Amino acid sequence: MAQCELHGYYGTPFCSDCDENGGVNSAWRNDYRLFNEDHALGQNQYASRYINGSHGYPNLGERFRFKGDSSDYHFVYIHVDDYDAFRQKVLDHRNRQ
Ligand SMILES: [Zn+2]
């Protein structure tokens, strides 16, 4: 558990209150964003499986920086510099199928 100076303890990688308001413990301030923010990869439940190759999906998340528990797929974050590359890797994989 992390602690926010403003909002106390929180269980997700970034304080949800700060995330909405852009505070010091927000994902954006820390160079992270939701891994499937605009849902270009479809539903989070399925897209998150590519992060660690669960449920028989290929593991496409190696060498990318994630924060959060991939089983809590609505709160998985990726470093902003990895966002486009991970997305492209998933889309390329799907195009090959
Ligand atoms: Zn906070």
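The rules behind these values
- Residues numbered from 1 in each chain as written.
- Predicted model: local features only at pLDDT ≥ 70, side-chain atom pairs only at ≥ 80, totals over all residues.
- Core = buried A, V, L, I, M, F, W, Y, C linked by C-beta atoms within 7 Å.
- Buried ≥ 20, exposed ≤ 12 C-beta atoms within 10 Å, placed from the backbone.
- Domains from an automatic or database assignment.
- Contact = placed C-beta atoms within 7 Å.
- Helix = DSSP H or I, 4+ residues; strand = E, 2+ residues; numbered from the N terminus.
- Nonpolar A, V, L, I, M, F, W, Y, C, P; charged D, E, K, R; others polar.

(A) Highlighting the nonpolar core. Counting 14 residues, the largest nonpolar core has Phe14, Tyr32, Phe35, Tyr77 and Ile78 as its most contacted members. For this core, the two domains that each supply at least three residues are domain 1 (1-30) and domain 2 (31-97). Apart from the residues lying within four places of it in its own chain, the contact partners of Ile78 are Tyr32, Arg33, Phe35, Phe64, Arg65, Phe66, Tyr83 and Phe86.

(B) Quick peek at unusual backbone geometry. The backbone of His55 sits at a positive phi, close to 55°, despite the residue not being glycine. Here His55 lies in the loop between α3 (49-52) and β4 (66-67). With phi around 70°, Arg63 is a residue other than glycine that occupies positive phi space. As for its placement among the helices and strands, Arg63 is situated in the loop between α3 and β4.

(C) Structural context of the domain arrangement of the chain. Under the domain assignment, the chain is made up of domain 1 (1-30) and domain 2 (31-97). Put simply, the middle of domain 1 and the middle of domain 2, counted by C-alpha atoms, are 21 Å apart. If you look at the interface, domain 1 gives six residues, while domain 2 gives seven residues. Classifying every residue of the side of domain 1 that touches domain 2 by side-chain character gives four nonpolar, two polar and no charged.

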